[in-house]
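Below, each chain spelled out in residue letters.
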Amino acid sequence: MRLEFVTPERLIAHEEVDELQLPGEEGSLGVLPGHTPMLVALKVGEMWYRKGSEKFFGYVGFGFAEILPDRVTILARIAEKADDIDLQRAEAAKRRAEEQLAEVKRSGNEADYERARLALLRAITRLQVSQHARRR
Amino acid sequence: MPSLIDMRRRIRAVKNTQQITKAMKMVAASKLRRAQERVVATRPFAKQAKHVLASISARVDQTKHPLLVQRDGVKTGKTMLIVLSSDRGLCGSFNTNIVKAVGQFLRDNPGREVSLGLVGKKGREALGRRGFPIRFEYTALPKVIGFAEAEAVAAPAIEDFINGKVDSVHLVYNEFKSVIAQKLVVEQLLPMAPIEVEKDAAAGIEYLYEPSPQQIFDELLPRLVEAQVLRALLESSAAEHAARMTAMDAATRNSAEMIEGLTLTMNKVRQAAITREIIEVVSGAQAQ
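Scoring rules and cut-offs
Residues numbered from 1 in each chain as written. Chains lettered and ligands numbered in written order. Predicted model: local features only at pLDDT ≥ 70, side-chain atom pairs only at ≥ 80, totals over all residues. Heavy atoms only, no water. Pairing = 2+ DSSP bridges. Helix = DSSP H or I, 4+ residues; strand = E, 2+ residues; numbered from the N terminus. Contact = heavy atoms within 4.5 Å. Buried area = accessible area lost by both parts, 1.4 Å probe. Salt bridge = Lys/Arg side-chain N within 4 Å of Asp/Glu carboxyl O. Polar contact = N/O pair within 3.5 Å; in protein donor to acceptor, adjacent residues only side chain to side chain. Nonpolar A, V, L, I, M, F, W, Y, C, P; charged D, E, K, R; others polar. Core = buried A, V, L, I, M, F, W, Y, C linked by side-chain atoms within 4.5 Å. Buried < 20%, exposed > 50% of the residue type's maximum accessible area, 1.4 Å probe, protein only. Domains from an automatic or database assignment.

Caption draft 1: Inspection of the pairing of strand β3 (residues 19-24) of chain A at higher detail. All names here are of chain A. As paired strands, β3 and strand β6 (residues 45-51) are joined by three bridges and run antiparallel to one another. Looking at β6, one finds that Glu19 is bridged to Arg50. With five bridges connecting them, β3 and strand β4 (residues 27-31) associate as antiparallel partners. Bridged to Gly24 within β4 is Gly27.

Caption draft 2: Region of the structure containing the interface of chain B and chain A. Taken residue by residue, the interface counts 26 residues in chain B and 24 residues in chain A. For the pair chain B and chain A, the summed buried area comes to about 2,300 Å², and 67% of that belongs to carbon and sulfur atoms. Taken together, the links from chain B to chain A amount to one salt bridge. Salt-bridge contacts for Arg77(A) lead to Glu151(B); the nearest nitrogen and oxygen are separated by 2.6 Å. Viewed at the interface, chain A and chain B are joined by eight residue pairs in polar contact (both at pLDDT 80 or more). Those elements that provide at least two residues to the side of chain B that touches chain A are α1 (4-41), α2 (43-57), α5 (147-163), β6 (208-210) and α6 (213-287) of chain B. With eight residues, the top contributor of residues to the side of chain B that touches chain A is α2(B). In terms of residue class, the side of chain B that touches chain A is built from 15 nonpolar, five polar and six charged. As defined by bridge partners, strand β5 (residues 38-42) of chain A adjoins β6(B) across three bridges and the pair is classed as parallel. Across the sheet, residue Leu39(A) finds its bridge partner in β6(B), namely Tyr209(B).

Caption draft 3: Looking closely at the nonpolar core. Ranked by internal contacts, the top residues of the largest apolar core, which has 63 residues, are Ile82(B), Val169(B) and Leu190(B). Of the residues forming this core, the biggest block, 17 residues, is contributed by α6(B). Beyond its immediate stretch of four places on either side in the chain, Ile82(B) contacts Gly117(B), Val119(B), Phe136(B), Val153(B), Ala157(B), Val169(B), His170(B), Leu171(B), Val172(B) and Leu189(B). If you look at the next biggest cluster of nonpolar residues, it comprises 22 residues, including Leu29(A), Met47(A), Tyr49(A) and Ile67(A).

Caption draft 4: Looking closely at the domain arrangement of chain A. Residues and elements named next belong to chain A. According to the domain assignment, chain A contains domain 1 (2-83) and domain 2 (86-135). Using only C-alpha atoms to locate each centre, domain 1 and domain 2 end up separated by 23 Å. On the domain 2 side, the residues contacting the 10 residues of domain 1 number 10 residues. In total, about 870 Å² of surface goes out of reach between domain 1 and domain 2, with carbon and sulfur atoms giving 69% of it. If you sort the residues of domain 1 by the area they bury against domain 2, Val44, Glu46 and Tyr59 come out on top, with a joint share of 50%. Our count for the contact surface shared by domain 1 and domain 2 stands at one salt bridge. Notably, a salt bridge pairs Arg126 with Glu80, separated by 3.0 Å at the nearest N-O pair.

Caption draft 5: Region of interest: the pattern of salt bridges. Residues and elements named next belong to chain A. Tallied over the entire structure, the rule returns 23 salt bridges over all chains. The salt bridge partner of Lys51 is Glu15, with a shortest N-O separation of 2.6 Å. Placement of Lys51 in strand β6 and of Glu15 in strand β2 (residues 11-16) is noted, with a sequence separation of 36 residues between them. For Arg115, the salt bridge identified is with Asp112, shortest N-O distance 3.5 Å. Here Asp112 and Arg115 lie together in helix α2 (residues 110-135), a separation of three residues that amounts to about one turn.

Below, the structure is given as structure tokens:
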């Protein structure tokens with residue numbers, strides 16, 4: 001099936017794949033050719049797709065996917081292929097987010113907490129995606 | 001008559017300037033190419049997002065969505081102008097044109113209450129003190145404009161529109177048309193054009209939705225607005241580089257002309273000096 005993976009900034013992938021997995025808002029979901037038509041919201045998480053025996057990992061930060069029996073379109077707000085993830089930046093972001101969380105624990109500001117939590121989640125997910133891609 | 005040394009100095013100065021304008025032209029050309037690529041790269045998302053919206057639009061109540069609602073004041077009421085200018089100068093009439101376009105909009109819509117969202121230092125310098133309420137200013141854009149910038153620009157517009165502080169939002173920017181021509185665009189950002197319900201075969205598909213169609217619709221609409229802002233930002237940046245390239249090309253040619261003229265005068269001066277010296281020597285010899 002055809003995969004169209006786009007963000008507002010650019011086209012991430014446009015290729016023929018055999019299987020893929022997406023971080024749905026209500027849980028991960030795997031997609032094989034012939035899947036029933038579906039529109040699903042995506043959360044921050046890891047996605048991968050398989051071409052033959054080769055598996056490719058990617059990072060998705062919110063978005064949508066339109067699944068059709070022969071085509072999957074991913075509209076992500078932010079997305080990166082595992083190879084494009086900037087590890088140093090992710091590490092730095094993780095540390096920053098952790099510091100902010102510690103700060104929030106003292107101040108107790110709800111909005112700051114949510115922002116720091118999301119930042120931490122993004123950083124950790126990026127690190128995970130890149131780790132998985134390397135382990136393969 | 002200017003002295004020979006002064007003339008040489010002058011030519012050297014013009015040459016140095018020429019080298020700078022030449023380098024700037026080259027830099028602008030390479031930046032332009034990248035900026036153009038980025039504009040093209042935004043197209044797939046907009047296309048796919050519209051397609052997804054079209055396929056769910058039949059299942060949701062469009063008229064209710066706050067970003068689509070056409071209030072009475074759309075054409076006459078309060079409006080926000082988001083003006084995209086550049087941070088840096090030396091790009092010909094790029095920013096002047098933008099400011100003129102804003103003036104034209106105000107003349108065409110007299111009596112409309114206008115608030116401004118200014119992107120770019122040059123726009124702020126020109127429009128910041130004209131007495132219009134400034135809703136937001138956004139200067140010193142990063143070299144690589146991404147979705148985060150588009151979100152930052154779109155957020156206050158979406159907020160004011162939903163809260164009813166403005167009845168419409170317009171974008172004013174230079175669109176990249178070709179290297180020598182920029183097209184001024186004033187386009188309505190909000191309310192969004194109604195999403196057309198897809199009527200072909202794809203619309204007949206029964207989708208599963210997770211979460212509900214309405215939620216997906218509500219989430220996707222603002223993304224489309226942001227994507228439109230992103231495209232405008234990138235178009236504007238491509239147009240800026242194109243304008244700078246043309247301006248610097250003209251400057252390089254002008255300085256070449258100037259060097260030619262100056263060299264001619266310098267040679268004349270030199271010739272005159274030599275002739276005078278010969279005459280002096282000859283008349284000195286004759287006098288003996």
